[in-house]
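# Structural characterization, general
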Amino acid sequence: MYKLQNYVQRYAWGSPTALTERFGFANPDRLPMAEVWMGAHPSASSKVVIRGNWQSLAAEIAAHPLSMLGQTTYQTFQQLPFLVKLLAADRPLSIQVHPIRYAAQQGFRRENEAQIPPDASTRNYRDANHKPEVIYALTPFKALKGFKPFDEIARAFQRLKWDHRAVEVFIDNPTSDSLQQLFTTCLRLAEDDKQRVLTHLLHSVAQQEQPIGQTVRMMAEVWPTDLGLLMPLFLNIIDLQPGEALYLAAGTPHTYLQGVGMKVMANSDNVLRAGLTTKHIDIEELVANVQFQEDKAEQRLLAPTISVNQYHYQVPETDFSLSIITITSPCSILTLGLPQLILCMEGVLNLSSAQQALTLSLGESLFIPADQEAYTIKGEGQIALTTVGSCQAPITITPIDGSC
């Protein structure tokens, strides 16, 4: 079992205090702490101690793929297929979408052939993987996710009273095609048209206490001249409570506006942006990857399977699954030949295997290789356990004495 030293991303939208308050992470300079990456993505791999020295987890997996990943995971993915992040947003993130696997493979190869450097600011594809993800709220958490039902979008633009042909076409015939036309038109507005519609939008929501008005005003505090301010007219506005989760399939337009959460996703850093950012925006590539379909109410929250002290979140993809497990008495957990990553969410826990014993405290994380058949946990606390999503059932937990 390997304790992890994780990489902190200090993006401007991050909070200088939230992860310190929630997990005790040191931040003496009070710089933004936006994300903590746990996993083996090559651009920001966690580190583990190997023979007394800190080494890249990605490199250790590459050196020993079968013991670290297991036969099934290695044959299917050739890498650790998931990435876990803690996210703390003080300000809105960019409006974005993640590509499906085929688009990522094609785009990554195309940009490599064009000899665009991997770290170039104009690069769309940092790797060849898709990026479905789950966000699990740790505090009240505000997000935009997926297109509203088309009739709701039509009503939102009717209230805006913006005289534009694309608006008229969509209101008269709200379909996926006319939505794509309207969405693309909004992103491509010339400067004069952009200023005119944003001025009209901000005036129309100035005193509005409905969710669209509140959200636009919140975003405008940071991005007063960005076309991303139109996105609350298109996208569902979602307020998560702690313990609630969203699943975002690749192709789903979204952003996270405020709050602390844990993200579990396919092992990718591919982001195509639409607004609320100073970073590269490629509208053509973005639109080609967006799924222009309604995200209805019953699709918005990811419901867990509840089993004793476990909330198990299974997603349609096989890259990952997430379990939130409360530990109240000693128990044994099986790996089933799959790699696992554990984050301590509460308390102090003692983990042991046949070869090793260690303590996991609040905010600490651990990688358990596939060849570790089982391990025990003692103490009281809560863990987030991420593993490969090939098993639909909750994690196998066996009480050692009493109930776990």
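Quick summary incoming for the structure in this document. Just so you know, these numbers come straight off a predicted model, no measurement behind them. (Residues numbered from 1 in each chain as written. Predicted model: local features only at pLDDT ≥ 70, side-chain atom pairs only at ≥ 80, totals over all residues. Heavy atoms only, no water.)

When its secondary structure is counted, the protein shows 12 helices and 22 strands. Against the 2.2 N^0.38 benchmark of 22 Å for 404 residues, the protein shows a C-alpha radius of gyration of 22 Å, consistent with a compact globule. The principal-axis extents of the C-alpha atoms in the protein amount to approximately 70 × 50 × 45 Å. A burial count over the protein gives 55% of its 404 residues as buried. Once local pairs closer than 6 in sequence are excluded, the contacts in the protein between residues at least 24 apart make up 77%. Of the roughly 17,400 Å² that the protein leaves accessible, carbon and sulfur atoms contribute 49%. (Helix = DSSP H or I, 4+ residues; strand = E, 2+ residues; numbered from the N terminus. Rg over C-alpha atoms; globule rule 2.2 N^0.38 Å. Buried < 20%, exposed > 50% of the residue type's maximum accessible area, 1.4 Å probe, protein only. Contact = heavy atoms within 4.5 Å. Areas by Shrake-Rupley, 256 points an atom, 1.4 Å probe, with all protein chains shown as cover.)

Moving on, we get to the nonpolar core. Counting residues in each nonpolar core, the largest one holds 49 residues, and the members touching the most others are Phe 147, Phe 157, Leu 201, Phe 234 and Leu 286. Examining the composition of this core, we find that six residues originate from one element, helix α6 (residues 150-160), more than from any other. For Phe 157, the residues in contact, after removing those within four places along its chain, are Trp 162, Val 167, Ile 171, Leu 182, Cys 186, Leu 233 and Phe 234. Counting residues in each nonpolar core, the second largest holds 43 residues, with Val 134, Ala 245, Val 260 and Val 388 among its members. (Core = buried A, V, L, I, M, F, W, Y, C linked by side-chain atoms within 4.5 Å.)

Most of strand β15 (residues 310-314) is tucked away: four of the five residues are buried. Here three bridges tie strand β14 (residues 305-307) to β15, and the two strands are oriented antiparallel to one another. Bridge assignment links Ile 306 to a residue of β15, and that residue is Tyr 311. What sits between the antiparallel neighbours β14 and β15 is a turn of two residues, in which Val 308 has the positive phi angle 50°. Where β15 meets strand β16 (residues 321-327), five bridges bridge the pair, whose relative direction is antiparallel. Paired with Tyr 311 across the two strands is Ile 324, which belongs to β16. Between β15 and β16, which pair antiparallel one after the other, the connecting turn spans six residues. (Pairing = 2+ DSSP bridges.)

What follows concerns the packing of aromatic side chains. This model, assessed by the stated rule, comprises 11 aromatic pairs. Judged by centre distance (5.4 Å) and plane angle (65°), the ring pair of Phe 141 and Tyr 256 falls under edge-to-face. Taken together, the residues Phe 141 in strand β9 (residues 141-147) and Tyr 256 in strand β12 (residues 254-266) connect sequence positions 115 residues apart. For the residue pair Phe 141 and Tyr 256, the accessibility class agrees, reading buried in each case. An aromatic cluster of three or more residues is present, and its members are Phe 147, Phe 157, Phe 183, Phe 234 and Phe 292. Cation over ring: Arg 22 sits above Phe 23, and NZ or CZ is 4.7 Å from the ring centre. (Phe/Tyr/Trp six-rings, centres within 6.5 Å; stacked < 30°, edge-to-face > 60°. Lys NZ or Arg CZ within 6 Å of the ring centre and 35° of its normal.)

On to the packing of helix α7 (residues 165-172) against helix α8 (residues 176-187). Axis separation between α7 and α8 bottoms out at 9 Å; the angle between their running directions is 155°. Compared by their axis directions, α7 and α8 come out roughly antiparallel. The crossing of α7 and α8 is left-handed. Contact residues: Ala 166, Val 167, Val 169 and Phe 170 in α7; Ser 178, Leu 179, Gln 181, Leu 182 and Thr 185 in α8. Across the contact of α7 with α8, the residue classes tally to six nonpolar, three polar and no charged. (Axes fitted to C-alpha atoms, helices over the stretch in contact; angles between N-to-C directions. Parallel < 35°, antiparallel > 145°, perpendicular 65-115°, else oblique. Left-handed = near helix turned anticlockwise from the far one by under 90°. Nonpolar A, V, L, I, M, F, W, Y, C, P; charged D, E, K, R; others polar.)

The contact between α6 and α8 brings their axes to 12 Å, and the two run at 40°. Comparing their axes, α8 and α6 come out oblique. The hand of the α6/α8 crossing is left-handed. For the pair formed by α6 and α8, the contact residues are Phe 150, Ile 153 and Phe 157 on the first element and Ser 176, Leu 179, Leu 182 and Cys 186 on the second.

Each α-helix turn comprises 3.6 residues. Residues three or four places apart therefore point the same way. Among the residues of α7, Ala 166, Val 167 and Phe 170 are the ones counted as buried. On an axial view of α7, the arc spanned by its buried residues comes to 100°, and they lie on one face. Within α7, the exposed residues directed more than 90 degrees away from the buried face are Arg 165 and Asp 172. On its buried face, α7 is in contact with α6 and α8. (Arc of directions from axis to C-beta.)

What follows deals with the pairing of strand β3 (residues 35-38). Both faces of β3 are covered, namely the face carrying Glu 35 and Trp 37 and the face carrying Val 36 and Met 38. Here three bridges tie strand β2 (residues 7-9) to β3, and the two strands are oriented antiparallel to one another. Paired with Val 8 across the bridge in β3 is Val 36. Pairing of β3 with strand β6 (residues 82-89) involves four bridges; the strand directions are antiparallel. Residue pairing in the sheet places Glu 35 in a bridge with Leu 87 of β6.

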